[in-house]
Amino acid sequence: LCGNRRCALFARWSERLIRLSSGRATLVALIVFLAFTALVLPGLAASSAERTGGARQPDTSLFYTAADLYAMAEAFGPAGRQAYIGARFTFDLVWPLVYGTFLVTAISWLAGRVFRPDAGQALGRRLNLLPILGVALDYLENISTTLVMAGYPAQTPIIDALAGVFTLVKWLLVGGSCVALVALAIAALAQRAQGR
C-alpha cells in the first residue's frame, strides 16, 4: 500500500506517538474530551439546529450525494448557510483536534502496552494513525461543504461530489478508531489478568 520510505515515515510517526502517550496524557485527553462533549457540544448542537431550521447536516450524515448537499444548502436558507460556515471556522476547527487527540493518545498508549515493537506486531502498533487520518478527512469535509454553502446557489463541481466521500471515509476512520480503542482496552485488561 505504500513505498518503503513512506511506510518507514509512518512507522516513525506511530512510534513517536506511542512514546509520547503515557497514562497521564491519556487521562488529560479523556478529561478534555468529556468536558467538551458535556459542556460545549449540547449548546452548539441546539444553536446549529435552530439556525439551520433543524435541517439535515452534512457532518452528521453518514453519506450524501451532491444533490443532497444542495438540498441541505437550500433548506438552511441564507442565515443558516452563514451560521454553518461560521461554525466550520470556530467549533469545527477545535472539535476534530479534541476527539483526535483523545483517540490518538489512548490508542497509542494501549497499543504500546498490548503490542511488542517487533515486525510481527508492527501493524497493531500503527492503529494510532487511524484517528489522524479521520481528523484529516474531517477537515477536508469541512472545507468542501463550506465551499458549497458559500457558493450556493451556484454549483461547485467535483467539490460537491467529493464532500460526501470525505464524510463517509471520515466516519469509517473515526468509527474504526473507536472499535480499535475498545478492542485494545479489552486486550490490555486480558493481558493484565493473565499476568496476574
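Remember, it's a predicted structure, so these values are computed and weren't measured experimentally.

Rules used in this analysis
Each chain has its residues counted from 1, following the order in which its sequence is written. Where totals are concerned, whole chains, interfaces and linings use all residues; where local detail is concerned, this predicted model gives features only for residues with pLDDT of at least 70, and gives and counts side-chain atom pairs only at 80 or more. The basis for the side-chain values is all heavy atoms of the structure; hydrogens and waters are excluded. Here a helix means four or more residues in a row that DSSP labels H or I, a strand means two or more in a row labelled E, and each is numbered from the N terminus. For a helix, the expected span equals 1.5 Å multiplied by the residue count minus one. Note on exposure labels: buried denotes an accessible area under 20% of the residue type's maximum, exposed denotes more than 50%, and partly exposed covers the range between, all computed with a 1.4 Å probe on protein chains only. It only takes one pair of heavy atoms within 4.5 Å for two residues to be counted as in contact. For this document, the term salt bridge refers to a Lys or Arg side-chain nitrogen within 4 Å of an Asp or Glu carboxyl oxygen.

Peer 1: Looking at this structure, I do not really get helix α7 (residues 130-151). What am I missing?
Peer 2: For an α-helix the count is 3.6 residues per turn, leaving residues at separations of three or four pointing the same way. Taking 1.5 Å of rise per residue, 22 residues should cover 32 Å, and α7 covers 32 Å from first to last C-alpha, within 8% of that figure. Among the residues making up α7, those that are buried are Pro-131, Gly-134, Val-135, Leu-137, Asp-138, Glu-141, Asn-142, Ser-144, Thr-145, Thr-146, Val-148 and Met-149. For α7, the secondary structure elements touched by its buried residues are α4 (66-88), α5 (91-114) and α8 (159-195).

Peer 1: Would you take a moment to explain the side chain of Thr-145 for this structure?
Peer 2: Take Thr-145: it is sitting in helix α7. By relative accessible area, which is 0% here, Thr-145 ends up buried.

Peer 1: Would you take a moment to explain the pattern of salt bridges for this structure?
Peer 2: Where charged atoms of side chains with opposite charge meet at close range, the side chains can pair. One pass over the structure, following the stated rule, counts five salt bridges. The shortest N-O distance in the salt bridge between Arg-125 and Glu-15 comes to 2.7 Å. Placement of the pair is Arg-125 in helix α6 (residues 122-125) and Glu-15 in helix α1 (residues 4-20), with a sequence separation of 110 residues. Residues Arg-125 and Glu-15 agree in their burial class; the two are buried. With its nearest N and O atoms 3.4 Å apart, the salt bridge here joins Asp-59 to Arg-88. Taken together, the positions of Asp-59 in the loop between α3 (41-51) and α4 and Arg-88 in helix α4 put the pair 29 residues apart, joining distant regions of the chain. Of the two residues, Asp-59 and Arg-88, both sit in the buried class. Three or more residues are tied together by salt bridges with common partners; here these are Glu-15, Arg-125 and Arg-126.

Worth remembering: the numbers are spatial, not functional.
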